[in-house]
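# Architecture and fold: a report
The lines below spell out each chain.
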Amino acid sequence: MKVPVCVIVGAGPGNGAAFARQFSRAGYRVALLARGRDSLDELTAEIAGTRAYGYDATDPADAERVFAAIRQDLGTPQTLIYNASTREFGDIDATTPDAFERAWKVNTYGCLLAAQQVIPDMRAVGQGSIVIIGATASLKGAAGFVAFASAKAAQRSLAQSLARQLGPQGIHVAYAVIDAVVDMPASRAMIPDAPDTFFARPDDIAESVFFLARQPRSAWTFELDLRPFGEHW
């Protein structure tokens with residue numbers, strides 16, 4: 001039987017690593033894409049069936065090169081998880097035009113480039129899954145998130161457009177809104193007094209993303225929002 005292939009754009013510690021573990025356990029070959037190739041070596045050593053690729057999500061030439069390599073090395077992707085994002089926050093007074101453009105390029109333009117690389121092969125077989133990872137800012141533009149919120153809102157709108165066009169062609173596009181602080185060392189350091197229940201665990205997020213990627217086509221979800229049980233929303 002053909003081994004399924006999952007591509008994770010924006011792999012690394014936290015959610016990216018959890019996605020890789022989840023799909024690897026299910027028997028997928030997993031391509032891990034991130035700007036810093038060296039940062040992925042530990043993950044490929046830890047998780048069976050994974051392969052690392054240095055990748056600039058905002059570079060069309062890189063998209064052509066890396067996805068061609070994935071098809072040659074691992075096979076045709078059945079699942080794309082777009083997890084690339086920026087972490088440059090600030091209000092209107094602190095946001096530079098360069099930061100604003102960079103947020104859009106990584107979150108939205110990069111998502112477009114990756115999707116365009118997998119859609120033709122998915123169309124050819126009439127199936128496939130594209131899961132895009134959003135955030136609270138996809139739905140709410142807080143004052144201190146000018147660049148990030150605008151980029152995430154644009155990304156969500158892009159995902160809706162893709163879902164409406166590609167769904168009837170058998171390609172499931174889903175958007176996962178992570179309305180939570182993800183449990184990572186950096187997050188713990190920022191909020192050292194928060195209890196364990198305050199954070200969303202990457203492995204639990206990965207279970208929901210895997211569910212989206214494997215949903216029967218008679219009952220597809222477009223948008224799934226995830227938050228800890230105690231979150232006030």
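For the structure, see preceding data.
Cut-offs used in this document
- Residues numbered from 1 in each chain as written.
- Predicted model: local features only at pLDDT ≥ 70, side-chain atom pairs only at ≥ 80, totals over all residues.
- Heavy atoms only, no water.
- Helix = DSSP H or I, 4+ residues; strand = E, 2+ residues; numbered from the N terminus.
- Buried < 20%, exposed > 50% of the residue type's maximum accessible area, 1.4 Å probe, protein only.
- Contact = heavy atoms within 4.5 Å.
- Core = buried A, V, L, I, M, F, W, Y, C linked by side-chain atoms within 4.5 Å.
- Phe/Tyr/Trp six-rings, centres within 6.5 Å; stacked < 30°, edge-to-face > 60°.
- Lys NZ or Arg CZ within 6 Å of the ring centre and 35° of its normal.
- Salt bridge = Lys/Arg side-chain N within 4 Å of Asp/Glu carboxyl O.

Turning our attention to the environment of Tyr55. Residue placement: Tyr55 occurs in the loop between strand 3 (50–54) and helix 3 (60–73). For Tyr55, a relative accessible area of 3% puts it in the buried group. When the C-alpha positions of Tyr55 and Ala159 are compared, they lie 21 Å apart, and in sequence the two are 104 residues distant. Excluding residues within four positions of it along the chain, Tyr55 makes contact with Val9, Leu33, Ala34, Arg35, Asp62, Ala63, Val66, Phe67 and Ala114.

Here the focus is the nonpolar core. Val9, Leu33, Tyr55, Phe67, Ile70 and Ile130 are the most contacted members of the largest nonpolar core, which totals 35 residues. Listed by contribution, the elements that provide at least two residues to this core are strand 1 (5–9), strand 2 (29–34), helix 3, strand 4 (79–82), helix 4 (97–125), strand 5 (128–135), helix 5 (146–166) and strand 6 (171–178). For this core, the element with the most residues is helix 4, which contributes eight residues. When sequence neighbours within four positions are dropped, the list of residues in contact with Val9 reads Leu33, Tyr55, Ala57, Phe67, Leu80, Ile81, Tyr82, Asn83, Ala84 and Ala114.

Now for the packing of aromatic side chains. Counted by the stated rule, this structure contains nine aromatic pairs. Taking the centre distance of 6.5 Å and the plane angle of 80 degrees together, the rings of Tyr28 and Phe210 count as edge-to-face. Placement of Tyr28 in the loop between helix 1 (15–25) and strand 2 and of Phe210 in helix 7 (residues 202–213) is noted, with a sequence separation of 182 residues between them. The same class applies to Tyr28 as to Phe210, namely buried. Note on Phe198 and Phe199: the rings are 5.2 Å apart at their centroids and 90 degrees apart in plane angle, and the pair reads as edge-to-face. The class of Phe199 is buried, set by a relative accessible area of 4%. Lying over the aromatic face of Trp233, Arg227 brings its terminal NZ or CZ to 3.8 Å of the ring centre.

The next thing to look at is the pattern of salt bridges. The full count for this structure, using the stated rule, is twelve salt bridges. Where Arg51 meets Asp73, a salt bridge forms, and the shortest distance between an N and an O atom there is 3.6 Å. Residue Arg51 is located in strand 3, and its partner Asp73 is located in helix 3; the two are separated by 22 residues in the primary sequence. Taking relative accessible area as the criterion, Asp73 reaches 31% and is therefore assigned partly exposed. Between Arg188 and Asp183 there is a salt bridge whose closest N-O contact spans 2.8 Å. The exposure class of Asp183 is partly exposed, given its relative accessible area of 23%.

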